Amino acid sequence: MGNFTLEEVNDRYVDVLREIGNVGAGNATTAIASMLGIKIDMNVPKVELLEAARLGSAICPEDEIIVGIFLEVQTDIEGSMMFLMKMDSARFLVNKLMGRDVEDEKDFDEMDLSALKEIGNIIAASYLNALSTMTNLVITPSIPYIAVDMAASILSVPAIQFGQFGDNALFIQTEFGDDVMINGYFILMPEQNSYEKILTALGLSL
């Protein structure tokens with residue numbers, strides 16, 4: 001298992017990852033609905049394993065401005081993760097949370113960025129809790145970092161981090177909302193030895 005890579009992952013493992021994505025997205029939707037005080041519906045998340053180099057184009061054109069929240073994953077497994085949103089989705093969530101007109105397009109101030117960071121933190125914790133519950137592993141996120149920049153710029157930092165851990169990432173695209181649907185993208189890249197821990201904890205082997 002020392003040279004384990006995601007290319008070797010069997011269908012059962014992908015199915016388990018998909019279930020983790022479903023549970024995590026459901027938890028995140030419930031948490032955001034509670035935070036905003038509204039009813040939120042969720043579409044079935046799209047879950048796949050992607051090469052790190054393909055992550056940027058899977059989300060949007062590289063020159064599009066997006067919001068990225070980056071965390072490190074620690075304790076029983078180690079790695080990196082991000083939650084990404086396009087600007088229209090990020091503005092909608094912040095305006096809802098702040099009680100403003102949802103069509104307000106003013107630039108984010110420090111309070112807005114803090115609110116976005118908290119939203120991203122809650123969503124990330126929802127996915128990590130789902131993974132932790134299914135594996136019985138202790139998974140601790142670091143303090144989140146937030147950036148508002150072009151997709152290529154935001155993804156260049158985690159791409160370097162991801163390169164230290166492996167060639168592929170768990171990529172989850174989720175859509176939730178009420179009258180307006182929010183698109184969010186969750187990326188998890190455990191380091192190589194952590195794949196073995198996850199597989200073992202799930203009772204799977206190659």
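It should be noted that the structure appears before, not after, this text.
The structure contained in this document is the topic of the report that follows.

**Some words on the packing of aromatic side chains**
Inspection of every chain in the model, using the stated rule, returns 2 aromatic pairs. With 4.1 Å between their ring centres and 20° between their planes, Tyr-127 and Phe-186 make a pair best called stacked. With Tyr-127 in helix 4 (residues 110–135) and Phe-186 in strand 8 (residues 181–190), the pair connects residues that are 59 residues apart, well separated along the chain. Of the two residues examined, Tyr-127 and Phe-186, each falls in the buried class. The interplanar angle of 20° and the centroid separation of 6.0 Å between the aromatic rings of Phe-171 and Tyr-185 together place this pair among those described as stacked. Residue Phe-171 is found in strand 7 (residues 168–177), and its partner Tyr-185 is found in strand 8; the two are separated by 14 residues along the sequence. One Lys or Arg, Arg-91, reaches over the ring of Phe-108 and ends 5.8 Å from the middle of that ring.

**Some words on the nonpolar core**
Judged by nonpolar contacts, the single largest core of 43 residues is most densely connected at Ile-32, Met-81, Phe-108 and Ile-123. Of all the elements in the fold, those that place two or more residues in this core are helix 1 (11–36), strand 3 (65–75), strand 4 (79–86), helix 3 (87–98), helix 4, strand 7 and strand 8. Per-element accounting of this core gives the leading share, 9 residues, to helix 4. Those residues within four positions of Ile-32 in sequence are excluded, and the remaining contacts are Ile-40, Leu-93, Ile-119, Ile-123 and Phe-176. Listed in part, the 16 residues of the second largest apolar core include Leu-50, Ile-59, Ile-66 and Leu-84.

**A few points about the side chain of Ser-89**
For Ser-89, the location among the structural elements is in helix 3. Look at Ser-89 and you get buried, because its relative accessible area is 4%. Beyond its immediate sequence surroundings of up to four residues, Ser-89 is in contact with Met-181, Ile-182 and Asn-183.

**Some words on the packing of helix 3 against helix 4**
One way to put it is that helix 3 packs onto helix 4 with a least axis distance of 10 Å and a crossing angle of 105°. Classified by the interaxial angle, the pair formed by helix 3 and helix 4 is roughly perpendicular. Where helix 3 abuts helix 4, its residues Ala-90, Leu-93, Val-94, Leu-97 and Met-98 lie against Met-111, Asp-112, Ala-115, Leu-116 and Ile-119. Its residues assigned to classes, the contact of helix 3 with helix 4 comprises 9 nonpolar, no polar and 1 charged.

Criteria and thresholds
- Residues numbered from 1 in each chain as written.
- Predicted model: local features only at pLDDT ≥ 70, side-chain atom pairs only at ≥ 80, totals over all residues.
- Heavy atoms only, no water.
- Phe/Tyr/Trp six-rings, centres within 6.5 Å; stacked < 30°, edge-to-face > 60°.
- Helix = DSSP H or I, 4+ residues; strand = E, 2+ residues; numbered from the N terminus.
- Buried < 20%, exposed > 50% of the residue type's maximum accessible area, 1.4 Å probe, protein only.
- Lys NZ or Arg CZ within 6 Å of the ring centre and 35° of its normal.
- Core = buried A, V, L, I, M, F, W, Y, C linked by side-chain atoms within 4.5 Å.
- Contact = heavy atoms within 4.5 Å.
- Axes fitted to C-alpha atoms, helices over the stretch in contact; angles between N-to-C directions.
- Parallel < 35°, antiparallel > 145°, perpendicular 65-115°, else oblique.
- Nonpolar A, V, L, I, M, F, W, Y, C, P; charged D, E, K, R; others polar.

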